[in-house]
Amino acid sequence: MTTQTKSLYDRLGGLDAITAVTESWVARVGGDDRANGKFVRTDIDRLKKEVIDQLCEATGGPCSYTGRTMQETHDGMAVTAGEFDVVMRHLDATLDELDIPMPMRDDIVEVESPQTGTPLPDSYQAAPPLM
């Protein structure tokens, strides 16, 4: 099987890699007072299992996620954008630590630059509108 035909699950390293990412990510967030207050009533073992199942299924692995939707799970938690950003930065740091590339990055990033707010090139062709 070539890299092109392997599932994202396989390219990431399978269940062992997803479990390692989840363990590290949950520990990082748990140790950060900027976001861990939102998890004070969370069953951490259940959280880990749900994240592993969700990531496994979403990347084409053999797992089946049976938990609530992200909206249902977070409804009423009053999560701020800042708290969300902290959690996502921990995920990014975890992926870096474990040398796992951010999914789709290579498909999306065309310019290796820290710049933001750059204009869309005139030559870009948008997808046609839905009918």
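This structure is a prediction, so every number in the text was calculated from the model and none was measured.

Asker: Which residues make up the overall build of the protein chain, and what values go with them?
Answerer: Helix and strand counts for the protein chain come out as 6 helices and 0 strands. Taken across its 131 residues, the protein chain has 24% of its residues classed as buried. Counting only contacts in the protein chain whose residues sit at least 6 apart along the sequence, the fraction spanning at least 24 positions is 69%.

Asker: How would you summarise the environment of Asp 53 if you had to cite specific residues and measurements?
Answerer: Checked against the element boundaries, Asp 53 lands in helix α3 (residues 44-58). Setting aside chain neighbours within four positions, we find Asp 53 in contact with Cys 63, Ser 64 and Tyr 65.

Asker: So what's going on with α3? Residues and values would help.
Answerer: The end-to-end C-alpha separation of α3 is 21 Å, in line with the 21 Å expected for 15 residues at 1.5 Å each. Regarding α3, the residues found buried are Lys 48, Glu 50, Val 51, Ile 52, Asp 53 and Cys 56. Buried residues belonging to α3 abut α1 (8-12) and α2 (14-30). Two or three places before Asp 45, at the start of α3, stands the capping residue Asp 43, its side-chain oxygen 3.1 Å from that residue's backbone nitrogen. Positioned one or two residues after α3, Gly 60 has a phi angle of 95°, which is positive.

Asker: Just give me the short version of the state of the cysteines, but keep the residues and values in it.
Answerer: For the structure shown, the criterion picks out 1 disulfide. The side chain of Cys 56 participates in a disulfide bridge whose partner is Cys 63; the two sulfur atoms lie 2.2 Å from each other. Its S-S torsion of approximately 80° makes the covalent link between Cys 56 and Cys 63 right-handed. Exposure class is identical for Cys 56 and Cys 63. Each is buried.

Asker: Outline unusual backbone geometry, listing residues and values.
Answerer: For Ala 78, which is not a glycine, the phi torsion comes out positive at approximately 55°. By secondary structure assignment, the location of Ala 78 is in the loop between α4 (70-74) and α5 (81-97).

Asker: So what's going on with the nonpolar core? Residues and values would help.
Answerer: One broad rule of soluble globular proteins: the nonpolar side chains tend to lie buried together. Judged by nonpolar contacts, Leu 12, Ala 17, Val 21, Trp 25, Val 29, Ala 35, Val 51, Val 86, Val 87, Leu 91, Leu 95 and Ile 100 together constitute the single largest core of 12 residues. Beyond its immediate sequence surroundings of up to four residues, Val 86 is in contact with Asp 32, Arg 34 and Ala 35. Counting 5 residues, the second-largest nonpolar core is a separate cluster that includes Tyr 9, Ile 18, Cys 56 and Cys 63.

Asker: Can you tell me about α2, naming the residues and giving the values?
Answerer: Each full turn of the α-helix corresponds to 3.6 residues, which orients residues three or four apart in the same direction. With 17 residues, α2 extends 24 Å from end C-alpha to end C-alpha; this agrees with the ideal 24 Å at 1.5 Å per step. Among the residues of α2, Gly 14, Ala 17, Ile 18, Val 21, Thr 22, Ser 24, Trp 25, Val 26 and Val 29 are the ones counted as buried.

Asker: Provide a residue-level description of the packing of α2 against α3, including the pertinent values.
Answerer: Where α2 contacts α3, the two axes come as close as 9 Å, and the packing angle between them is 140°. It follows from the interaxial angle that α2 and α3 lie oblique. Of the two elements, α2 crosses α3, and the hand of that crossing is right-handed. Across from Leu 15, Ile 18, Thr 19, Thr 22, Glu 23, Trp 25 and Val 26 in α2, the residues of α3 making contact are Ile 44, Leu 47, Lys 48, Val 51, Ile 52, Leu 55 and Cys 56. Class assignment for the residues of the contact of α2 with α3 results in 10 nonpolar, 2 polar and 2 charged.

Conventions adopted
Residues numbered from 1 in each chain as written. Predicted model: local features only at pLDDT ≥ 70, side-chain atom pairs only at ≥ 80, totals over all residues. Heavy atoms only, no water. Helix = DSSP H or I, 4+ residues; strand = E, 2+ residues; numbered from the N terminus. Buried < 20%, exposed > 50% of the residue type's maximum accessible area, 1.4 Å probe, protein only. Contact = heavy atoms within 4.5 Å. Expected span 1.5 Å × (residues − 1). Polar contact = N/O pair within 3.5 Å; in protein donor to acceptor, adjacent residues only side chain to side chain. Disulfide = S-S within 2.5 Å. Core = buried A, V, L, I, M, F, W, Y, C linked by side-chain atoms within 4.5 Å. Axes fitted to C-alpha atoms, helices over the stretch in contact; angles between N-to-C directions. Parallel < 35°, antiparallel > 145°, perpendicular 65-115°, else oblique. Left-handed = near helix turned anticlockwise from the far one by under 90°. Nonpolar A, V, L, I, M, F, W, Y, C, P; charged D, E, K, R; others polar.

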